Amino acid sequence: MLVDWEALKREIADSIGIEKVKSDIVTLAAYSRDWSPRPAEELILPHLVVRPESTEEVSEVVKICNKYGVPITPVAGLTGMGGGAIPFYGGVIIDTKGMNKIIEVDTKNYTVTVQTGITIKALNDELEKYGLWLPHDPESKPTSTVGAAIACDNDSTFGIRWGKMIDHLLSAVIVTGTGDIVRVGYRKAYCSSSGLKLHSLLVGSEGTLGIITEATLRVVPIPEYRWVDGAFFPSITSAVDAARKMLTAGLPIDAVNINDKYRLKFYTHAYRLKHGHDPEVPEGTEAILFYSLSGDRDVVMFSRDYARKIVESYGGKIIRERDIVESWWKSKHTLKFDPFKQKWPDSQREKKFGAADVGVPPGRLEELHKRFVETVEKYGLRILGMNIYNERIGCISPSISCAVFVGDSEDEVRRFYDYVKEMSRIAVDLDGTSSTYIGDTWRLLDVMDYEHGKALEYMRRVKEIFDPKWIMNPGKKFRLPKEIEEKYRRMRG
Ligand SMILES: Cc1cc2nc3c(=O)[nH]c(=O)nc-3n(C[C@H](O)[C@H](O)[C@H](O)COP(=O)(O)OP(=O)(O)OC[C@H]3O[C@@H](n4cnc5c(N)ncnc54)[C@H](O)[C@@H]3O)c2cc1C
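Residues numbered from 1 in each chain as written. Predicted model: local features only at pLDDT ≥ 70, side-chain atom pairs only at ≥ 80, totals over all residues. Heavy atoms only, no water.

Turning our attention to the packing of helix 9 (residues 236-248) against helix 11 (residues 297-313). Contact geometry of helix 9 with helix 11 gives a least axis separation of 9 Å together with a crossing angle of 145°. Every pair of crossing elements has a handedness; the one defined by helix 9 and helix 11 is right-handed. Note on element contacts: helix 11 touches helix 9 through Ala307, Ile310 and Val311, opposite Ala242, Lys245 and Met246. (Axes fitted to C-alpha atoms, helices over the stretch in contact; angles between N-to-C directions. Helix = DSSP H or I, 4+ residues; strand = E, 2+ residues; numbered from the N terminus. Left-handed = near helix turned anticlockwise from the far one by under 90°. Contact = heavy atoms within 4.5 Å.)

Okay, here's the thing in structure tokens:
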């Protein structure tokens, strides 16, 4: 036997307490999936599930796993859409959700320090008592954690005003693959030219460098008022141009989503349920721009009217059916809808939502859209539509969801991942990038060379500094060295 799992379990239990270590089949099975499309028959089980409650306990567990040379997969809310938390080689799951305390709310310096297993919603519910807000706001906030938001560099509805986790993360604590506890970043300083920005390196590291256990984040005052609007446009380009003009005019825009015409169904589904018929959509509509403005009420109301004039001057038509706009906002922010009724026209019980999450510069969006429609057809998938989020502060900065419906047959799942890889290569060819919010995980291993070339070798060396034995989330982001992959395959059995 390559690993004495019973001895490993005993050591971990002696170190952090038996009640935090599980190996019964029901618990193991609960960690075999996230939200990524997978074949129905697939069952990938870890050997052990461990639920530490502090940085020190994580460090103890990692040191023991390091000694035995077994894989560790960090897990949070399991809503990841790329298989990042699936333990492909078995081994030990470290479930981070037990580390969910708020360590400090600093109202003078506008920072919060947390254990990273706290969900974004739980954190914002607490911050609200202080009139504060972490504006990193993915739709999955009720279950997805601060640690995972850092680890997979996911998108936020309010990215165009406040950026992504990289813009909020001031400092962090990471337990590396050797069990070392390392503080990175600049305490509560908002900027620094000192040293190398190792805390930024954690953003998008997908658990491959270690487990992020604490984070100090910049927070902001909750805005007094918000207005949400939407408009139909004859092209993606005209919607982009109108949104850019709103920014350059100085309007307090805090969310910008541009949807293609296919994706509109996503938001008209609830309308149809309520009114019994489809809403009127102007002929020739190719894009729908949804946006929100926030700040003091008077400023927002003035800006709302100004923005509407901009929409019209770029050939757009303001959506008068407020139910459609509400539907978008509910799905993006308030989440006050019946899941499976309002949001998903086709219900995720039948087919899953799957996406290529690519990024291209604004001038290549129309080209990307054309290639998206062609590629979906090539792989025999059903189109759901394109949604363009914007994730850099104050500019049109596309993070694009090219979504399809995916069933759970082995053949359809394989075609889906082939489609994702092809879309990723297309995006790189269009001066863009293969992933903007899901992460590389295992699904883009074939595309990493294509995107990064020689830089990938430098990334592997950085990885080895944090995790010399390749035990941290193996098989994600980086191809394993051959001998380690062979060892893990035998270990998994
Ligand atoms: C309904 C729904 C809506 C969604 N909406 C959005 C959205 O608006 N924007 C968006 O970008 N994504 C969205 N997603 C995708 C997904 O929710 C996010 O990417 C989210 O960040 C995953 O968080 P999680 O807590 O579920 O992490 P998990 O799926 O458990 O883990 C994700 C990755 O992070 C790693 N990890 C987790 N915690 C740590 C840690 N402490 N240290 C190191 N590594 C860690 C894991 O190993 C894994 O690789 C959505 C998903 C669903 C199902």
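Resuming the write-up.
Two residues of an α-helix separated by three or four positions point the same way, owing to the 3.6 residues in each turn. Between its first and last C-alpha atoms helix 11 spans 24 Å; for 17 residues at 1.5 Å apiece the expected length is 24 Å, and the two agree. Among all positions of helix 11, only Val300, Met301, Ser303, Arg304, Ala307, Arg308, Ile310 and Val311 are buried. Of the surrounding elements, those touching the buried residues of helix 11 are strand 12 (225-233), helix 9, strand 14 (287-295), strand 15 (317-318) and helix 12 (322-334). (Expected span 1.5 Å × (residues − 1). Buried < 20%, exposed > 50% of the residue type's maximum accessible area, 1.4 Å probe, protein only.)

Turning our attention to the packing of aromatic side chains. A full pass over the atoms with the stated rule returns 13 aromatic pairs. Measuring from centroid to centroid gives 5.1 Å for Trp328 and Trp329, while their planes differ by 50°, and the two rings are tilted. Given a relative accessible area of 0%, Trp328 falls into the buried group. Look at Trp329 and you get buried, because its relative accessible area is 10%. (Phe/Tyr/Trp six-rings, centres within 6.5 Å; stacked < 30°, edge-to-face > 60°.)

A word on the site of the ligand. Lining the immediate surroundings of the ligand are 31 residues, of which Pro74, Thr79, Ser140, Asn154 and Asp155 lie closest. Contact between the ligand and Gly80: an oxygen atom at 2.8 Å from a main-chain N or O atom of the residue. Contacts to the ligand include Ser140, whose side-chain N or O atom sits 2.7 Å from an oxygen atom. Protein coverage of the free-state accessible area of the ligand, which is 980 Å², stands at 94%. Among the secondary structure elements, those contributing two or more residues to the shell around the ligand are strand 3 (72-75), helix 5 (146-152) and strand 10 (210-218). Broken down by element, the residue count for the shell around the ligand peaks at four residues, all from helix 5. Tallied by class, residues from the shell around the ligand come to 14 nonpolar, 14 polar and three charged. (Near = heavy atom within 4 Å. Polar contact = N/O pair within 3.5 Å; in protein donor to acceptor, adjacent residues only side chain to side chain. Areas by Shrake-Rupley, 256 points an atom, 1.4 Å probe, with all protein chains shown as cover. Nonpolar A, V, L, I, M, F, W, Y, C, P; charged D, E, K, R; others polar.)

Attention shifts here to the sheet that holds strand 12. Reading across the sheet, the seven strands line up as 15-12-14-13-17-18-16 and stay open at both edges, with antiparallel pairing between neighbours. Looking at the sheet topology across the chains shown, the edges are occupied by strand 15 and strand 16 (352-358). Taken together, the two bridges between strand 12 and strand 15 define a ladder with antiparallel strand orientation. Looking across to strand 15, one finds that Ala231 is bridged to Ile318. Running over the sheet, helix 12 touches strand 12, strand 13 (253-260), strand 14 and strand 17 (382-390) and is turned about 120° from strand 12. (Pairing = 2+ DSSP bridges.)

Moving on, we come to the side chain of Thr73. For Thr73, the location among the structural elements is in strand 3. In contact with Thr73, other than residues within four places in its own chain, are Gly84, Ala85, Ile86, Pro87, Val92, Ile93, Ile94, Asn473 and Lys476.

Grouped together as the largest cluster of nonpolar side chains are 51 residues, with contacts concentrated most on Leu289, Tyr291, Leu368, Cys402 and Tyr419. Here the element with the most residues in this core is helix 14 (residues 410-429); it accounts for eight residues. Contacts of Tyr419, omitting those with residues within four sequence positions, involve Ala356, Phe372, Thr375, Val376, Tyr379, Leu381, Cys402, Ala403 and Val404. (Core = buried A, V, L, I, M, F, W, Y, C linked by side-chain atoms within 4.5 Å.)

Oppositely charged side chains may form a pair once their charged atoms are brought near each other. In the structure shown here, the tally under the stated rule is 38 salt bridges. Of the charged contacts, one joins Arg414 and Asp418 as a salt bridge, the two residues approaching to 3.5 Å between their closest N and O atoms. Here the residue Arg414 and the residue Asp418 both occupy positions in helix 14, the gap between them amounting to four residues, near one helical turn. Here the salt bridges do not stand alone but share partners, grouping Asp411, Arg414, Arg415 and Asp418 into one network. (Salt bridge = Lys/Arg side-chain N within 4 Å of Asp/Glu carboxyl O.)

Two pairing modes exist for strands in a sheet, parallel and antiparallel, and in both the strands are linked by backbone hydrogen bonds. Taken together, the four strands give an open sheet; going across it, the order is 1-2-4-3, and neighbouring strands pair in mixed fashion. With partners counted over all chains shown, the strands left at the sheet margins are strand 1 (21-22) and strand 3, one partner each. Here three bridges tie strand 2 (residues 48-50) to strand 4 (residues 92-95), and the two strands are oriented parallel to one another. When the bridges of strand 4 are listed, Val49 appears paired with Ile93. Against the sheet, helix 1 (residues 5-16) contacts strand 1, strand 2 and strand 4, and its axis sits at roughly 10° relative to strand 2. Sitting on the sheet, helix 3 (residues 55-68) touches strand 2, strand 3 and strand 4, and the angle it makes with strand 4 is about 170°.

With their axes 10 Å apart at the nearest point, helix 14 and helix 15 (residues 445-452) run at an angle of 5° to one another. When the axes of helix 14 and helix 15 are compared, the pair comes out roughly parallel. Packed against helix 14, whose contacting residues are Lys421, Ser424, Arg425, Val428 and Asp429, the element helix 15 presents Asp446, Val447, Tyr450 and Glu451 at the interface. Partitioning the contact of helix 14 with helix 15 into residue classes produces three nonpolar, one polar and five charged. (Parallel < 35°, antiparallel > 145°, perpendicular 65-115°, else oblique.)

A grouping of Leu196, Leu198, Leu201 and Val462 is seen on the molecular surface, where their side chains present a nonpolar patch of about 340 Å² in accessible area. Since its relative accessible area comes to 33%, Leu198 is described here as partly exposed. (Patch = residues over 30% accessible without salt bridge, like charges linked within 9 Å, V, L, I, M, F, W, Y side chains within 5 Å.)

Moving on to helix 16 (residues 455-466). For helix 16, built from twelve residues, the straight-helix expectation of 16 Å at 1.5 Å per residue is met to within 8% by its first-to-last C-alpha distance of 17 Å. Among all positions in helix 16, only Leu456, Arg460, Lys463 and Phe466 are buried. Along the axis of helix 16, the buried positions cluster into a sector of 115°, meaning they face one direction only. Seen from the open side of helix 16, the exposed residues pointing more than 90 degrees away from its buried face are Tyr458 and Ile465. In this structure, the buried side of helix 16 is in contact with strand 8 (169-176), helix 8 (198-202) and helix 15. (Arc of directions from axis to C-beta.)

Residue position: Val70 is located in the loop between helix 3 and strand 3. Counting along the chain gives 402 residues from Val70 to Met472, while the straight-line C-alpha distance between them is 9.0 Å. Other than its neighbours up to four places away in sequence, Val70 contacts Val3, Trp5, Leu8, Cys65, Val92, Ile471 and Met491.

The next thing to look at is the pairing of strand 3. Both faces of strand 3 are covered, namely the face carrying Ile72 and Pro74 and the face carrying Thr73 and Val75. Where strand 3 lies against strand 4, four bridges are found, and the strand directions are parallel. When the bridges of strand 4 are listed, Thr73 appears paired with Ile93.

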